[in-house]
Amino acid sequence: MSVMIDQASQLRRIVRQSTRATVIAVTSGKGGVGKSNIAVNLAIKFASVGKRVVLMDADLGLANADVLCNIDLPSNLSHVISRKRELADVMVDGPGGFRLIGGASGLVRMIDLSDYDRQRLVTALAELEARTDVILIDTGAGISPNVLSFTRSADQVLVVTTPEPTAITDAYAVIKVISRDAPDRPLSLLVNQVRQHGEGRLVYERIAKVARQFLSVHVMDAGFIPSDPEVPAAVRRRSPFLLASPRCPASLGISQLAMRLERGVAPSLDGSGGFFNRMSRWFRK
Ligand SMILES: Nc1ncnc2c1ncn2[C@@H]1O[C@H](COP(=O)(O)OP(=O)(O)OP(=O)(O)O)[C@@H](O)[C@H]1O
Ligand SMILES: [Mg+2]
C-alpha cells in the first residue's frame, strides 16, 4: 500500500514538473467592468481546488487587487522594475491561498520602461511558470503597449464586458486589436453584471457574430456573472465575495467560469514553448 502511495506521489511530482502554468490574461475595453474582482475571486477558486495560483496585478496605473484583498503591500512590481527587489520577494499570500504580485499604482508606467527592464520583468515572470499551475494577469483596461504585452504573453485572453452598449463596443475594439496583434491567441468573452435571464448569452452572441463576420475571429463563450449586491458589499468590506458568500450568485458564476476555463473554453497552445519563449519572440521583433 505504502509503495503505491509512494508511486502515486512520485507520479504527481513528475507530472507537476513537466507541466507549465496556464497563463490567463483578464482584460477589457471599458474600465470598471469587473476585471479585478473577477481575477481575485477566480484566483481564490482555483486555489481552493489545490492549484498553485499567482495573480499578477499588471494594471500599473490603477492597481487595486491588494485593496480588494485588504493587503498592505510592503513592495510591488515597481520595486522589481526599479531593481530594488526580486519578483519572489514582492509576492505575498493572498486570501484563500493564492499568491499576489501587487501592481505599481501610479508610480510607474510600463510604457516608459526600457526594453531591457521590460525583459527583466518578463524573465522573472517566466521563471514562475515552472512552479505555478495558473498565472492570472489583471491587465487593466484599454489598449496600450502594456496591455498588449501581457495579452501577447498569455495562453488565453479573457475579455470582460458588461451588457452596457459602451462596454460592448469597447470589448469589440479590444478583440479587434488583440486578434490582429496575436492572431493565434484564444480569446473568450465573459459578460459580467448580467441582470436578466438570457442577457449574457445575447451579448456574447452579438459580439461573437460581429467578430466572426468582420474580423474572421472565433470568440469563445466564457459564460456570464450575474449582477450581485454581494460584489460591491465585499469590495467595501475589502474581503473577496467568494470567501464571504460562497453561495451568492456571483460566486456561483465564478465557479462556472473556473470550470469552463479548466475544460478548455480557450485551450492552451501546446507546443508554443511557454510564456518565456513567446515573450522572447516578441522582444526579438
Ligand atoms: N457582478 C457584479 N455585480 C455587481 N457589481 C459588480 C459586479 N462586478 C463588479 N461590480 C462592481 O463594479 C466595480 C468595478 O469592479 P472592478 O474594480 O473589479 O472593475 P475593473 O474592471 O477591474 O476596473 P478598472 O478598469 O478600473 O481596473 C466594483 O466596485 C464592483 O462593486
Ligand atoms: Mg481593476
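What you see is a predicted model; the values in this text were computed from it and never measured. (Residues numbered from 1 in each chain as written. Chains lettered and ligands numbered in written order. Predicted model: local features only at pLDDT ≥ 70, side-chain atom pairs only at ≥ 80, totals over all residues. Heavy atoms only, no water.)

Caption draft 1: Spotlight on the pairing of strand E2 (residues 53–57). For E2, the tally of buried residues reaches five of five residues, placing the bulk of the element in the interior. Covered by surrounding structure in E2 are Val53, Leu55 and Asp57 together with Val54 and Met56, the residues of both alternating faces. Here five bridges tie E2 to strand E5 (residues 134–141), and the two strands are oriented parallel to one another. Looking at the pairing, Leu55 lines up with Leu136 of E5. The sheet contact formed by E2 and strand E4 (residues 99–101) spans three bridges and is parallel. Bridge pairing in E4 links Met56 to Ile101. (Buried < 20%, exposed > 50% of the residue type's maximum accessible area, 1.4 Å probe, protein only. Helix = DSSP H or I, 4+ residues; strand = E, 2+ residues; numbered from the N terminus. Pairing = 2+ DSSP bridges.)

Caption draft 2: Broad picture of the pairing of strand E7 (residues 187–194). Counting buried positions over the eight residues of E7 gives seven, a clear majority of the element. As paired strands, strand E6 (residues 156–161) and E7 are joined by five bridges and run parallel to one another. When the bridges of E7 are listed, Thr161 appears paired with Val191. A crossover connection joins E6 to the parallel E7 through helix H8 (residues 165–181); in handedness this β-α-β unit is right-handed. Each parallel crossover has a hand, and for E7 linked through helix H9 (residues 199–215) to strand E8 (residues 219–226) it is right-handed. (Right-handed = clockwise from strand over helix to strand, strands pointing away.)

Caption draft 3: Representation of the sheet that holds E7 in the model. Ordered in space as E3-E4-E2-E5-E1-E6-E7-E8, the eight strands form an open sheet in which the pairing is mixed. Here the strands that pair on one side only, and so sit at the sheet edges, are strand E3 (91–93) and E8. The mean inter-strand angle of the sheet, taken between neighbouring strand axes irrespective of direction, is 25°. In the sheet, E3 pairs with E4 via three bridges, with the strands oriented antiparallel. Residue pairing for E4: Met91 is matched across the bridge by Ile101. Seen against the sheet, H8 touches strand E1 (22–28), E6, E7 and E8 and runs at an angle of roughly 160° to E6. (Axes fitted to C-alpha atoms, helices over the stretch in contact; angles between N-to-C directions. Contact = heavy atoms within 4.5 Å.)

Caption draft 4: Expanded view of the pattern of salt bridges. For the coordinates displayed, the defined rule picks out 12 salt bridges. A salt bridge links Glu129 to Arg20, with the nearest nitrogen and oxygen atoms 3.0 Å apart. Taken together, the positions of Glu129 in helix H6 (residues 115–129) and Arg20 in the loop between helix H1 (2–18) and E1 put the pair 109 residues apart, joining distant regions of the chain. For Asp221, the salt bridge goes to Arg201, with nearest N and O atoms at 2.6 Å. Highlighted residues: Asp221 in strand E8 and Arg201 in helix H9, separated in sequence by 20 residues. (Salt bridge = Lys/Arg side-chain N within 4 Å of Asp/Glu carboxyl O.)

Caption draft 5: Examining the site of ligand 1 more closely. Taken together, 18 residues lie near ligand 1, and Gly32, Lys35, Ser36, Asn37 and Asn192 sit nearest. Within the side chain of Gln193, a nitrogen or oxygen atom sits 3.5 Å from a nitrogen atom of ligand 1. For ligand 1, the accessible surface in isolation is 640 Å², of which the surrounding protein chains cover 80%. Residues that form the shell around ligand 1 fall into these classes: seven nonpolar, eight polar and three charged. (Near = heavy atom within 4 Å. Polar contact = N/O pair within 3.5 Å; in protein donor to acceptor, adjacent residues only side chain to side chain. Areas by Shrake-Rupley, 256 points an atom, 1.4 Å probe, with all protein chains shown as cover. Nonpolar A, V, L, I, M, F, W, Y, C, P; charged D, E, K, R; others polar.)

Caption draft 6: Structural detail: the side chain of Thr27. Mapping Thr27 onto the fold places it in strand E1. Excluding residues within four positions of it along the chain, Thr27 makes contact with Lys35, Thr139, Gly140, Val147, Thr151, Val157, Leu158, Val159, Val160, Val174 and Ile178.

Caption draft 7: Representation of the packing of helix H2 (residues 35–48) against helix H12 (residues 249–263) in the model. Packing of H2 against H12 brings their axes to within 9 Å, and their N-to-C directions diverge by 70°. Between H2 and H12, the angle falls in the class roughly perpendicular. Across the interface between the two elements, Ile38, Asn41, Leu42, Lys45 and Phe46 from H2 touch Ile254, Ser255, Leu257, Ala258, Leu261 and Glu262 from H12. Grouping the constituent residues of the contact of H2 with H12 by class yields seven nonpolar, two polar and two charged. (Parallel < 35°, antiparallel > 145°, perpendicular 65-115°, else oblique.)

Caption draft 8: A look at the confidence of the model for the chain. For the chain, the mean per-residue pLDDT works out to 84, and 80% of the residues sit at or above 70. Low confidence marks residues 266–273, where pLDDT is under 50. Its contacts with residues over four positions away, or in another chain, come to 19 contacts. Low confidence marks residues 279–285, where pLDDT is under 50. Its contacts with residues over four positions away, or in another chain, come to 12 contacts. (pLDDT = per-residue confidence, 0-100.)

Caption draft 9: Looking closely at empty space enclosed by the protein. A complete count under the given rule lists one cavity of 30 Å³ or more for this structure. Considered as a void within the structure, the largest cavity measures approximately 40 Å³ in volume. Taken together, Asn37, Val40, Asn41, Leu68, Ala234, Val235, Ser239, Pro240 and Phe241 make up the full set of residues lining the largest cavity. Contributions of two or more residues to the lining of the largest cavity are made by H2 and helix H10 (230–237). The element best represented in the lining of the largest cavity is H2, accounting for three residues. Here the residues of the lining of the largest cavity sort into six nonpolar, three polar and no charged. (1 Å grid on protein atoms, 1.4 Å probe; cavity = no way out; pocket = protein on both sides within 12 Å on 5 of 7 lines; lining within 4 Å. Points joined across faces, edges and corners; volume = space filled by probe spheres on them.)

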